[in-house]
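# Descriptive structure summary
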Amino acid sequence: SMLKKVLISVAVVAAVLCGVIAMRPATYHVERSLAVQAPVEVVHGLVADMARFPSFSPWHKLDPAMKQTLSATTTGIGASYAWESPKEDVGSGKMTITAVEPNQKVVQDLHFLKPWESKAVVTIATAPEGTGTKVTWAMDGDTGGFVGKAMGLFMDMDKMLGKDFEEGLQNISRVSLEDVIKRNEEAKKAAEAAAAAVVGGADAPGPAKQ
């Protein structure tokens, strides 16, 4: 009968679809890089400090009023940054530094709590390149089993997160350059103060002659 043929066709399509979904990767990797015109120690110092994450985060602008919680120490292994927002596109979660290689990379465990729970590993690597620094922002995680694989048919993690990483890297470039300018201004003021102290000492009156 026609109904039987339709049901068989539906079953075949469903079986093929399930097979396609099952064969999809169980993990994902998203990565973007950018050349930043700032010394590697400046850039690494920025990305390795959880207190400064909002200054370059591409997601902070989605809810500037979100609740933010920092660990007592904001750098080094164990330092963490947590956020909580009623907005679904921001949600809530926590990032914790698990590894640091000075001027090379910082690794974080990322735990999303809302709007759905998931975990990932984030790595921000820095390497000298010419007179500046090559910054690479990457995320690795599980797709979340069969359901996650199925959602992957309609959501491209690379496209979704890639554009955010690109924006974040531009923010890192901007903030790093601001840090360089600030550091140069402070160095100039310190040099001027030191020079003034030397001149002042030279002009100071000597002991009175008898």
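Just above, that's the structure.
Residues numbered from 1 in each chain as written. Predicted model: local features only at pLDDT ≥ 70, side-chain atom pairs only at ≥ 80, totals over all residues. Heavy atoms only, no water.

## Points about the overall build of the protein chain
Across its full length, the protein chain holds 5 helices and 7 strands. In the protein chain, which comprises 210 residues, the share counted as buried stands at 32%. Sequence-distant contacts in the protein chain: of pairs separated by 6 or more residues, those separated by 24 or more amount to 54%. As displayed, the protein chain offers around 12,900 Å² of accessible surface, 62% of which is attributable to carbon and sulfur atoms. (Helix = DSSP H or I, 4+ residues; strand = E, 2+ residues; numbered from the N terminus. Buried < 20%, exposed > 50% of the residue type's maximum accessible area, 1.4 Å probe, protein only. Contact = heavy atoms within 4.5 Å. Areas by Shrake-Rupley, 256 points an atom, 1.4 Å probe, with all protein chains shown as cover.)

## Section: the sheet that holds strand β3 (residues 80-84)
Pairing in this open sheet of 7 strands is antiparallel, and the strands run β1-β7-β6-β5-β4-β3-β2 from one edge to the other. Each of the sheet's edge strands pairs with one partner strand only, and the pair in question is β1 (27-36) and β2 (67-70). In this sheet, neighbouring strand axes are inclined to one another by 15° on average, regardless of whether the strands run parallel or antiparallel. Relative to strand β4 (residues 92-101), β3 is paired through 5 bridges, and the arrangement is antiparallel. Within β4, the residue paired with Tyr81 across the bridge is Met95. Strand contacts of helix α2 (residues 40-47): β1, β4, β5 (105-114), β6 (118-129) and β7 (132-142), with the helix running at about 165° to β6, the strand carrying the most contacts. (Pairing = 2+ DSSP bridges. Axes fitted to C-alpha atoms, helices over the stretch in contact; angles between N-to-C directions.)

## Notes on the nonpolar core
Core analysis: the largest hydrophobic core is formed by 32 residues, its most contacted members being Phe56, Ile124, Trp137, Met139 and Ile172. Residue contacts for Ile172: discarding those within four places in its chain leaves Val43, Leu46, Val47, Phe56, Val135 and Trp137. (Core = buried A, V, L, I, M, F, W, Y, C linked by side-chain atoms within 4.5 Å.)

## Observations regarding the side chain of Thr133
Counting through the fold element by element, Thr133 comes out in strand β7. Polar contacts involving the side chain of Thr133 include one to the main-chain amide nitrogen of Val40, which spans 3.0 Å. Those residues in contact with Thr133, other than ones at most four positions away along the chain, are Leu34, Ala35, Val36, Ala38, Pro39, Val40, Val43, Thr126 and Ala127. (Polar contact = N/O pair within 3.5 Å; in protein donor to acceptor, adjacent residues only side chain to side chain.)

## Points about the packing of aromatic side chains
Across all of its chains, the model carries 8 aromatic pairs by this definition. Centre to centre, the rings of Trp59 and Phe165 are 6.4 Å apart; their planes meet at 75°, and the pair counts as edge-to-face. Linking Trp59 in the loop between α3 (53-56) and β2 with Phe165 in helix α5 (residues 157-203), this pair joins segments that are 106 residues apart in sequence. Both rings, one in Tyr81 and one in Trp83, keep their centres 6.4 Å apart while their planes meet at 20°; by these two values the pair is stacked. For the pair shown, Tyr81 and Trp83 are each scored as buried. (Phe/Tyr/Trp six-rings, centres within 6.5 Å; stacked < 30°, edge-to-face > 60°.)

## Looking at the pattern of salt bridges
The full count for this structure, using the stated rule, is 7 salt bridges. Arg32 is the salt-bridge partner of Glu166, the closest N and O atoms lying 2.9 Å from each other. Here the residue Glu166 occupies a position in helix α5, and Arg32 occupies one in strand β1, the gap between them amounting to 134 residues. Using a relative accessible area of 42% as the deciding quantity, one classes Glu166 as partly exposed. Arg183 is paired through a salt bridge with Glu41; the nearest N and O atoms lie 3.7 Å apart. (Salt bridge = Lys/Arg side-chain N within 4 Å of Asp/Glu carboxyl O.)

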